[in-house]
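# Structure assessment
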Amino acid sequence: MPVLYGAHRSRATRNLWLAGEIGLELELRQVWQAYRLDRADGPEAPLNTRSREFLELSPMGAIPVLVDGDLVLTESLAINLYLARRYGGDLGPRDEAENALMTQWTLFAATSMEEPGLAIQNAYTYGRADTEAGQSEIAHMVERLGRPLRALERHLSRERHMVGGRFTVADVNLAEILRYGQAHEPLLADYPSTDAWLRACQARPAFKAMWEKRSAEPMWL
Ligand SMILES: N[C@@H](CCC(=O)N[C@@H](CS)C(=O)NCC(=O)O)C(=O)O
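Presented here is a report on the structure given in the accompanying data block. (Residues numbered from 1 in each chain as written. Predicted model: local features only at pLDDT ≥ 70, side-chain atom pairs only at ≥ 80, totals over all residues. Heavy atoms only, no water.)

### Considering the packing of aromatic side chains
Note the threshold: Each aromatic pair joins two rings of Phe, Tyr and Trp (for Trp, the six-membered one) with centres within 6.5 Å, and gets the label stacked for planes under 30 degrees apart, edge-to-face for over 60, and tilted for any other angle. Secondary structure follows DSSP: runs of H or I at least 4 residues long count as helices, runs of E at least 2 residues long count as strands, and numbering of each begins at the N terminus. When accessible area is computed with a 1.4 Å probe and restricted to protein chains, residues below 20% of their type maximum are described as buried, those above 50% as exposed, and intermediate ones as partly exposed.
One pass over the full model with this rule turns up four aromatic pairs. Arranged with centres 5.1 Å apart and planes meeting at 85 degrees, the rings of Trp 105 and Phe 108 form a pair that is edge-to-face. Pair noted here: Trp 105 and Phe 108 are both in helix 4 (residues 96–112), with a separation of three residues, about one helical turn. On the accessibility criterion, Trp 105 (10% relative accessible area) is buried. Site record: aromatic cluster; members linked through ring pairs are Trp 17, Phe 167, Phe 207 and Trp 211.

### Things to note about the nonpolar core
Under the convention used in this document: Here, nonpolar core refers to any group of buried Ala, Val, Leu, Ile, Met, Phe, Trp, Tyr and Cys residues whose side-chain atoms link them within 4.5 Å. Where each domain begins and ends is defined by an automated method or by a domain database.
Core analysis: the biggest nonpolar cluster contains 47 residues, and Trp 17, Met 113, Leu 149, Leu 152, Met 162, Leu 174 and Trp 197 have the highest contact counts within it. When residues of this core are traced back to their parent elements, those giving at least two are helix 1 (12–22), helix 3 (76–87), helix 4, helix 5 (114–125), helix 6 (132–156), helix 7 (169–179), helix 8 (192–202) and helix 9 (205–216). Considering every element that reaches this core, the biggest residue donor is helix 7, with seven residues. Of the domains in this structure, domain 1 (3–90 + 208–216) and domain 2 (91–204) are the two that each give at least three residues to this core.

### Re the pattern of salt bridges
What counts is decided by this rule: One speaks of a salt bridge when a side-chain nitrogen belonging to Lys or Arg is within 4 Å of a carboxyl oxygen belonging to Asp or Glu.
Enumeration according to the criterion identifies 13 salt bridges in this entry. Linking Glu 217 and Arg 36 is a salt bridge whose minimum nitrogen-to-oxygen distance equals 2.9 Å. Taken together, the residues span a long stretch of sequence, with Glu 217 in the segment after helix 9 and Arg 36 in the loop between strand 2 (27–30) and helix 2 (52–57) at a distance of 181 residues. Comparing Glu 217 with Arg 36, the two get one shared label, buried. Via salt bridges that share partners, Arg 11, Arg 14 and Glu 114 belong to a single interconnected network.

This is how it looks when you write it as structure tokens:
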């Protein structure tokens, strides 16, 4: 059985959601982000992103990591593209053109949407959203997201899904990245097709099951 090293409150959500969609049994080995622990070092510390044992798998000290047989794979989005192709049936590509489009949309989201989205989420999570500096940071990030959101809206006003006219790994990857910006409620007000698509993705049973486990995981240890 493939093993996923990670935590529910991390980018492993992408992999756990996709595994749920596939019906793939994945063993989750809990690895905490070091910053979530009171003490990350020492013999008592739980497995975390600074543990020597974990750094053997991920020299970057980052979760998630997938181990499937001899394959050790980092990068959550690469893990999803692999899981979809290897185990996902129609959640993965049916041909090379679909494979190319799934890669294209995944890289689009990773390179143009993830960083500003995370900055928005962090501003809310760490209580900066009510401050003047926080609001100006959020406004700047919303502006940065405008260009990719317009491109996404154009696509989703014509298509119900990202690739192939059906729900695939591309929808999971995009939806999980766009989720960060949702902390800022007005973000999608001008993008009705994107908003409807994202809500439909998040209404899926596999997303809800993942979300329930994520919500149950303590933020700090
Ligand atoms: N691009 C990487 C980013 C991985 C990453 O930064 N993961 C965070 C958690 S979501 C982490 O492990 N941080 C380590 C730490 O803060 O100790 C991916 O998508 O897998």
